[in-house]
Amino acid sequence: MDEHEQGELVRSWLRQNGGAIFGGIAIGLAGILGWQWWQHGKDQHRLDASSAYQALEEAVERKDAAGIDQFAAELSEKFTDTPYGTLGLLRLAEQKIAQGDADAAQTALADAARAAQSPALAALANLRLARVQLAAGKAQEALDSLTKLPAGDFTGLAAETRGDALLALGRKDEAEAAFQEALTSLDTSAPNRFIVEMKLADMGVAAAEPGA
(Lines give C-alpha, C1' and ligand atoms only; values in the text may rest on other atoms or scores of the structure.)
Protein backbone atom coordinates (compact mmCIF):
# COMPACT_ATOMS: atom_id res chain seq x y z
CA MET A 1 0.00 0.00 0.00
CA ASP A 2 1.13 3.53 -0.70
CA GLU A 3 1.12 6.27 1.96
CA HIS A 4 -2.39 7.44 0.99
CA GLU A 5 -3.81 3.95 1.33
CA GLN A 6 -2.05 3.44 4.65
CA GLY A 7 -3.47 6.75 5.91
CA GLU A 8 -6.99 5.77 4.86
CA LEU A 9 -6.62 2.42 6.60
CA VAL A 10 -5.54 4.12 9.83
CA ARG A 11 -8.37 6.65 9.65
CA SER A 12 -10.87 3.88 9.00
CA TRP A 13 -9.57 1.88 11.96
CA LEU A 14 -9.76 4.93 14.21
CA ARG A 15 -13.34 5.62 13.15
CA GLN A 16 -14.27 2.06 14.08
CA ASN A 17 -12.29 1.82 17.32
CA GLY A 18 -11.73 5.39 18.45
CA GLY A 19 -14.69 5.38 20.82
CA ALA A 20 -13.42 2.30 22.64
CA ILE A 21 -9.89 3.72 22.85
CA PHE A 22 -10.94 7.06 24.27
CA GLY A 23 -13.48 5.36 26.52
CA GLY A 24 -10.72 3.15 27.90
CA ILE A 25 -8.50 6.17 28.48
CA ALA A 26 -11.36 7.97 30.25
CA ILE A 27 -12.05 4.95 32.45
CA GLY A 28 -8.36 4.65 33.32
CA LEU A 29 -8.12 8.33 34.23
CA ALA A 30 -11.33 8.09 36.24
CA GLY A 31 -9.91 5.10 38.14
CA ILE A 32 -6.69 6.95 38.95
CA LEU A 33 -8.54 10.06 40.08
CA GLY A 34 -11.03 7.96 42.04
CA TRP A 35 -8.20 6.15 43.85
CA GLN A 36 -6.52 9.43 44.72
CA TRP A 37 -9.82 10.86 45.97
CA TRP A 38 -10.51 7.73 48.05
CA GLN A 39 -6.99 7.75 49.54
CA HIS A 40 -7.31 11.45 50.39
CA GLY A 41 -10.66 10.80 52.03
CA LYS A 42 -9.20 7.92 54.03
CA ASP A 43 -6.31 10.07 55.24
CA GLN A 44 -8.72 12.86 56.16
CA HIS A 45 -10.90 10.37 58.05
CA ARG A 46 -7.92 9.27 60.13
CA LEU A 47 -6.99 12.89 60.78
CA ASP A 48 -10.55 13.65 61.92
CA ALA A 49 -10.44 10.62 64.23
CA SER A 50 -7.13 11.79 65.72
CA SER A 51 -8.58 15.27 66.29
CA ALA A 52 -11.66 13.85 68.01
CA TYR A 53 -9.48 11.71 70.29
CA GLN A 54 -7.33 14.73 71.14
CA ALA A 55 -10.50 16.62 72.02
CA LEU A 56 -11.48 13.73 74.30
CA GLU A 57 -8.11 13.87 76.06
CA GLU A 58 -8.48 17.60 76.57
CA ALA A 59 -11.96 17.05 78.03
CA VAL A 60 -10.42 14.51 80.44
CA GLU A 61 -7.80 17.05 81.47
CA ARG A 62 -10.54 19.61 82.14
CA LYS A 63 -12.61 16.98 83.97
CA ASP A 64 -15.44 17.91 81.64
CA ALA A 65 -17.85 14.97 82.04
CA ALA A 66 -20.24 16.18 79.33
CA GLY A 67 -17.36 16.71 76.90
CA ILE A 68 -15.97 13.26 77.64
CA ASP A 69 -19.33 11.66 76.86
CA GLN A 70 -19.72 13.74 73.70
CA PHE A 71 -16.33 13.01 72.16
CA ALA A 72 -16.35 9.36 73.19
CA ALA A 73 -19.75 8.97 71.53
CA GLU A 74 -18.45 10.68 68.37
CA LEU A 75 -15.46 8.34 68.26
CA SER A 76 -17.56 5.21 68.78
CA GLU A 77 -20.16 6.26 66.19
CA LYS A 78 -17.99 7.66 63.40
CA PHE A 79 -14.52 6.19 63.82
CA THR A 80 -14.89 2.54 64.86
CA ASP A 81 -12.98 1.65 61.68
CA THR A 82 -9.87 3.24 63.23
CA PRO A 83 -8.02 2.43 66.48
CA TYR A 84 -9.22 5.77 67.88
CA GLY A 85 -12.77 4.44 68.15
CA THR A 86 -11.63 1.68 70.51
CA LEU A 87 -9.20 3.93 72.39
CA GLY A 88 -11.98 6.44 72.97
CA LEU A 89 -14.18 3.74 74.53
CA LEU A 90 -11.31 2.57 76.74
CA ARG A 91 -10.77 6.14 77.90
CA LEU A 92 -14.50 6.55 78.54
CA ALA A 93 -14.50 3.39 80.65
CA GLU A 94 -11.66 4.77 82.79
CA GLN A 95 -13.65 7.90 83.47
CA LYS A 96 -16.80 5.97 84.31
CA ILE A 97 -14.86 3.87 86.81
CA ALA A 98 -13.45 7.05 88.36
CA GLN A 99 -17.03 8.33 88.66
CA GLY A 100 -18.14 5.10 90.33
CA ASP A 101 -20.38 4.05 87.43
CA ALA A 102 -19.36 0.41 86.99
CA ASP A 103 -22.29 -0.45 84.70
CA ALA A 104 -21.39 2.29 82.21
CA ALA A 105 -17.75 1.22 82.34
CA GLN A 106 -18.69 -2.38 81.53
CA THR A 107 -20.83 -1.23 78.61
CA ALA A 108 -17.99 0.90 77.22
CA LEU A 109 -15.46 -1.93 77.57
CA ALA A 110 -17.77 -4.49 75.93
CA ASP A 111 -18.31 -2.07 73.04
CA ALA A 112 -14.54 -1.52 72.80
CA ALA A 113 -13.89 -5.26 72.60
CA ARG A 114 -16.44 -5.64 69.79
CA ALA A 115 -15.21 -2.60 67.86
CA ALA A 116 -11.47 -3.29 68.17
CA GLN A 117 -9.69 -3.47 64.84
CA SER A 118 -6.71 -5.37 66.28
CA PRO A 119 -6.62 -8.52 68.45
CA ALA A 120 -4.34 -6.75 70.95
CA LEU A 121 -6.84 -3.95 71.58
CA ALA A 122 -9.69 -6.46 71.84
CA ALA A 123 -7.67 -8.45 74.40
CA LEU A 124 -6.93 -5.32 76.42
CA ALA A 125 -10.61 -4.36 76.45
CA ASN A 126 -11.68 -7.84 77.58
CA LEU A 127 -9.01 -7.91 80.29
CA ARG A 128 -10.17 -4.58 81.67
CA LEU A 129 -13.80 -5.71 81.38
CA ALA A 130 -13.02 -8.80 83.44
CA ARG A 131 -11.41 -6.68 86.16
CA VAL A 132 -14.41 -4.35 86.34
CA GLN A 133 -16.82 -7.30 86.42
CA LEU A 134 -14.80 -8.89 89.21
CA ALA A 135 -14.83 -5.64 91.22
CA ALA A 136 -18.61 -5.55 90.75
CA GLY A 137 -18.96 -9.05 92.23
CA LYS A 138 -19.48 -10.78 88.87
CA ALA A 139 -16.74 -13.38 89.13
CA GLN A 140 -18.22 -15.85 86.63
CA GLU A 141 -18.75 -13.11 84.06
CA ALA A 142 -15.13 -12.09 84.59
CA LEU A 143 -14.01 -15.65 83.81
CA ASP A 144 -16.15 -15.63 80.67
CA SER A 145 -14.53 -12.40 79.50
CA LEU A 146 -11.05 -13.81 80.10
CA THR A 147 -11.77 -16.77 77.82
CA LYS A 148 -11.98 -14.30 74.92
CA LEU A 149 -8.32 -13.35 75.25
CA PRO A 150 -6.10 -14.98 72.60
CA ALA A 151 -3.38 -17.24 73.95
CA GLY A 152 -0.24 -15.28 74.67
CA ASP A 153 -1.90 -11.88 75.10
CA PHE A 154 -1.41 -10.36 78.58
CA THR A 155 -0.72 -13.86 79.93
CA GLY A 156 0.47 -12.85 83.38
CA LEU A 157 -2.19 -10.22 83.99
CA ALA A 158 -4.94 -12.49 82.67
CA ALA A 159 -3.79 -15.36 84.92
CA GLU A 160 -3.77 -13.10 87.97
CA THR A 161 -7.28 -11.84 87.23
CA ARG A 162 -8.46 -15.40 86.60
CA GLY A 163 -7.01 -16.41 89.96
CA ASP A 164 -8.90 -13.60 91.67
CA ALA A 165 -12.16 -14.68 90.01
CA LEU A 166 -11.65 -18.34 90.89
CA LEU A 167 -10.84 -17.45 94.48
CA ALA A 168 -14.02 -15.36 94.66
CA LEU A 169 -15.95 -18.42 93.47
CA GLY A 170 -14.35 -20.56 96.18
CA ARG A 171 -12.27 -22.61 93.74
CA LYS A 172 -9.08 -22.36 95.77
CA ASP A 173 -6.98 -25.03 94.01
CA GLU A 174 -7.69 -23.56 90.59
CA ALA A 175 -6.98 -20.08 91.91
CA GLU A 176 -3.60 -21.22 93.24
CA ALA A 177 -2.71 -22.71 89.85
CA ALA A 178 -3.71 -19.47 88.12
CA PHE A 179 -1.58 -17.36 90.49
CA GLN A 180 1.41 -19.68 90.00
CA GLU A 181 0.90 -19.36 86.21
CA ALA A 182 0.89 -15.59 86.61
CA LEU A 183 4.23 -15.72 88.41
CA THR A 184 5.81 -17.84 85.68
CA SER A 185 4.62 -15.32 83.07
CA LEU A 186 5.37 -12.05 84.86
CA ASP A 187 8.81 -10.52 84.64
CA THR A 188 10.72 -10.54 87.91
CA SER A 189 10.62 -6.74 87.90
CA ALA A 190 6.88 -6.51 87.15
CA PRO A 191 5.21 -4.22 89.72
CA ASN A 192 2.31 -6.58 90.40
CA ARG A 193 4.50 -9.66 90.92
CA PHE A 194 4.81 -8.92 94.65
CA ILE A 195 1.01 -8.59 94.86
CA VAL A 196 0.54 -12.06 93.35
CA GLU A 197 3.06 -13.49 95.81
CA MET A 198 1.12 -11.87 98.67
CA LYS A 199 -2.11 -13.43 97.40
CA LEU A 200 -0.48 -16.85 97.47
CA ALA A 201 0.90 -16.17 100.94
CA ASP A 202 -2.59 -15.27 102.17
CA MET A 203 -3.69 -18.69 100.87
CA GLY A 204 -0.88 -20.35 102.79
CA VAL A 205 0.96 -21.31 99.60
CA ALA A 206 4.60 -20.69 98.73
CA ALA A 207 5.22 -18.87 95.48
CA ALA A 208 7.07 -20.73 92.76
CA GLU A 209 10.64 -19.68 92.16
CA PRO A 210 11.23 -17.49 89.07
CA GLY A 211 11.82 -19.66 86.03
CA ALA A 212 10.32 -22.74 87.67
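Whatever comes next refers back to the structure up there.
Predicted model only: the values in this text are computed from it and were never measured. (Residues numbered from 1 in each chain as written. Predicted model: local features only at pLDDT ≥ 70, side-chain atom pairs only at ≥ 80, totals over all residues. Heavy atoms only, no water.)

Across its full length, the protein chain carries 9 helices and 0 strands. Across the protein chain, helices and strands are ordered from the amino to the carboxyl terminus as α-α-α-α-α-α-α-α-α. Buried residues in the protein chain amount to 35% of all 212 residues. Within the protein chain, contacts between residues separated by at least 24 positions form 50% of all contacts whose residues are at least 6 apart in sequence. With an accessible surface of roughly 12400 Å², the protein chain has 57% of that area assigned to carbon and sulfur atoms. (Helix = DSSP H or I, 4+ residues; strand = E, 2+ residues; numbered from the N terminus. Buried < 20%, exposed > 50% of the residue type's maximum accessible area, 1.4 Å probe, protein only. Contact = heavy atoms within 4.5 Å. Areas by Shrake-Rupley, 256 points an atom, 1.4 Å probe, with all protein chains shown as cover.)

What follows covers the layout of surface pockets. Considering only enclosed or pocket space, the largest pocket measures out at about 170 Å³ in volume. As for the largest pocket, its lining consists of 13 residues, and the residues nearest its centre are L146, L149, P150, A158 and R162. Counting residues per element, the lining of the largest pocket draws most heavily on helix 7 (residues 155–168), at 4 residues. Among the residues making up the lining of the largest pocket, the classes are represented as 7 nonpolar, 3 polar and 3 charged. (1 Å grid on protein atoms, 1.4 Å probe; cavity = no way out; pocket = protein on both sides within 12 Å on 5 of 7 lines; lining within 4 Å. Points joined across faces, edges and corners; volume = space filled by probe spheres on them. Nonpolar A, V, L, I, M, F, W, Y, C, P; charged D, E, K, R; others polar.)

Inspection of every chain in the model, using the stated rule, returns 11 salt bridges. When the shortest N-O distance is used, the salt bridge between K96 and D69 registers 3.1 Å. With K96 in helix 3 (residues 83–98) and D69 in helix 2 (residues 65–78), this residue pair connects regions lying 27 residues apart in the sequence. The closest approach of N and O atoms between E160 and K199, which form a salt bridge, is 2.9 Å. (Salt bridge = Lys/Arg side-chain N within 4 Å of Asp/Glu carboxyl O.)

A few words now on the packing of helix 5 (residues 119–135) against helix 6 (residues 139–146). The contact between helix 5 and helix 6 brings their axes to 8 Å, and the two run at 170°. As the angle between them shows, helix 5 and helix 6 are arranged roughly antiparallel. Contacts between helix 5 and helix 6 involve N126, L127, L129, A130, Q133 and L134 on the former and, on the latter, A139, E141, A142, S145 and L146. Across the contact of helix 5 with helix 6, the residue classes tally to 7 nonpolar, 3 polar and 1 charged. (Axes fitted to C-alpha atoms, helices over the stretch in contact; angles between N-to-C directions. Parallel < 35°, antiparallel > 145°, perpendicular 65-115°, else oblique.)

Bringing the packing of helix 8 (residues 172–185) against helix 9 (residues 193–202) into the picture now. The interhelical angle for the contact between helix 8 and helix 9, taken along N-to-C directions, is 155°, at an axis separation of 10 Å. If you check the angle between helix 8 and helix 9, you find them roughly antiparallel. The hand of the helix 8/helix 9 crossing is left-handed. Residues E176, F179, Q180, A182 and L183 of helix 8 form the contact with helix 9, whose own contacting residues are R193, V196, E197, K199 and L200. (Left-handed = near helix turned anticlockwise from the far one by under 90°.)

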